[in-house]
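Observations on the model geometry
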Amino acid sequence: MIAVTGAAGQVGGRVARLLAVPHMLLVRDPVKASETDKSVRVAEYADKSGMTEAIRGADTLFLVSAREDANRVQAHKSAVDAAVDAGVERIVYISFFGAAPECTFTFGRDHWHTEQYIRATGRRFTFLRDNMYLEMIPRLAGADGVIRGPAGDGRVAAVSYDDIAAAAVAVLTGGAEHDGRTYELTGPEAFTLHEAAAELGLRYEPETVEEAYASRAHYGAPAFEVAGWVTTYEAIAAGEFARVTGDVERLTGRKPRSLRELRGDGGAPVIA
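All of the points below concern the structure found in this document. (Residues numbered from 1 in each chain as written. Predicted model: local features only at pLDDT ≥ 70, side-chain atom pairs only at ≥ 80, totals over all residues. Heavy atoms only, no water.)

Moving on: the overall build of the chain. The helix and strand inventory of the chain stands at eleven helices and eleven strands. Relative to its length of 272 residues, the chain is compact, with a C-alpha radius of gyration of 18 Å against a globular reference of 19 Å. Burial status across the chain gives 50% buried among its 272 residues. In the chain, once contacts between residues fewer than 6 apart in sequence are set aside, the share between residues at least 24 apart is 74%. Of the accessible surface of the chain, which amounts to about 11,800 Å², a share of 49% is contributed by carbon and sulfur atoms. Charge separation in the chain, taken as the distance between the mean sites of 30 positive and 38 negative side-chain charges, equals 4 Å. (Helix = DSSP H or I, 4+ residues; strand = E, 2+ residues; numbered from the N terminus. Rg over C-alpha atoms; globule rule 2.2 N^0.38 Å. Buried < 20%, exposed > 50% of the residue type's maximum accessible area, 1.4 Å probe, protein only. Contact = heavy atoms within 4.5 Å. Areas by Shrake-Rupley, 256 points an atom, 1.4 Å probe, with all protein chains shown as cover. Lys, Arg positive; Asp, Glu negative; His and termini not counted. Charge placed at Lys NZ, Arg CZ, Asp CG, Glu CD.)

What follows is the structure, encoded as structure tokens:
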């Protein structure tokens, strides 16, 4: 039995729809549970006892990373501890490309610490380190159609939700050949934000790091969150998201979706 977390989200929801083997669905929000399916279980990562009961009976946990939060790593550790207490034998974790203790992208450090914690459990594991979401690229633009950030001429090998989900299902339904493996999921190409903006009918205006922090100050977001937004662009500029791998195709048997294929999908602007 596979326990799928984030079942109402972009990746977890896709995984749930693709799985053809027995699985249970978990969400954080009771409202989303009622909107999804009455059989969906509600559990917060930080609620270790509740999480333990929610996933009891599963032998595999598909762990989608929690939303950005100052206590994100602790929430992940709580979920992992719950998995151990529930008797889960394998954890497949959605991590992030280039996760490392001192990577430029501050949220990437959360993923590295979570990976280390999972390793220490002695449970079987697989890490899926996805690059930036392809669908997020047009949503980096403000209401004026301009993407602003200190990415310079750096490149990003963004990968689509569909390709991440398909790769995850291949791992979840595969055998021991995936144990202990780290897969780096990227799109078929690495592009600059100048190129992406031109392809999507937008415009990219580079900022300095100082300008990026200043232009986002009016949102009143916590400092850690603003740092995550800005260091996303800094990591692009540093070349940390540029490498293209063949892991999506190796796992799924198909080429990953490209930026050109995304064109026309649109998407509402978000704070970035």
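Attention now moves to the nonpolar core. Within the largest apolar cluster, 52 residues are counted, with the highest numbers of intra-cluster contacts made by V15, I55 and F62. Not counting residues within four places of it along the chain, the set of residues in contact with V15 comprises V4, F62, A165, A168, V169 and L172. Core analysis: the next-biggest nonpolar cluster, separate from the first, contains 25 residues, M132, A151, L193 and F241 among them. (Core = buried A, V, L, I, M, F, W, Y, C linked by side-chain atoms within 4.5 Å.)

With that out of the way, let us pick up the side chain of D110. Note that D110 resides in helix α5 (residues 106-120). Judged by its relative accessible area of 17%, D110 falls in the buried class. Apart from the residues within four sequence positions on either side, D110 is in contact with R72 and V73.

Two aromatic rings, taken as a pair, are described by how far apart their centres are and by the angle between their planes. Under the defined criterion, the tally for this structure stands at nine aromatic pairs. On the numbers, 4.6 Å between centres and 25° between planes, the contact of F125 with F127 is stacked. Comparing F125 with F127 shows no difference in burial state: the two are buried. An aromatic cluster is built from F96, F105, F107, F224 and F241, whose rings are joined through pairwise contacts. Against the face of F107 rests R72, its NZ or CZ located 5.9 Å from the ring centre. (Phe/Tyr/Trp six-rings, centres within 6.5 Å; stacked < 30°, edge-to-face > 60°. Lys NZ or Arg CZ within 6 Å of the ring centre and 35° of its normal.)

To continue, consider the pattern of salt bridges. Taken as a whole, this structure holds 17 salt bridges when the rule is applied. Measuring nitrogen to oxygen at the nearest pair gives 3.2 Å for the salt bridge that ties R254 to D163. Here D163 lies in helix α6 (residues 161-172) and R254 lies in the loop between α10 (247-252) and α11 (259-262), a separation of 91 residues in the sequence. A residue is classified by how much of its surface remains accessible, and R254, at 37% relative accessible area, is partly exposed. The exposure class of D163 is buried, given its relative accessible area of 2%. (Salt bridge = Lys/Arg side-chain N within 4 Å of Asp/Glu carboxyl O.)

Okay, the layout of surface pockets next. By volume, the largest pocket is sized at about 1,700 Å³. Around the largest pocket, the lining comprises 50 residues; the ones closest to its centre are S65, A66, R67, E68 and R72. At the level of secondary structure, the elements contributing two or more residues to the lining of the largest pocket comprise α1 (10-18), β2 (23-27), α4 (72-85), β5 (90-96), α5 and α9 (223-237). By residue class, the composition of the lining of the largest pocket is 26 nonpolar, 13 polar and eleven charged. (1 Å grid on protein atoms, 1.4 Å probe; cavity = no way out; pocket = protein on both sides within 12 Å on 5 of 7 lines; lining within 4 Å. Points joined across faces, edges and corners; volume = space filled by probe spheres on them. Nonpolar A, V, L, I, M, F, W, Y, C, P; charged D, E, K, R; others polar.)

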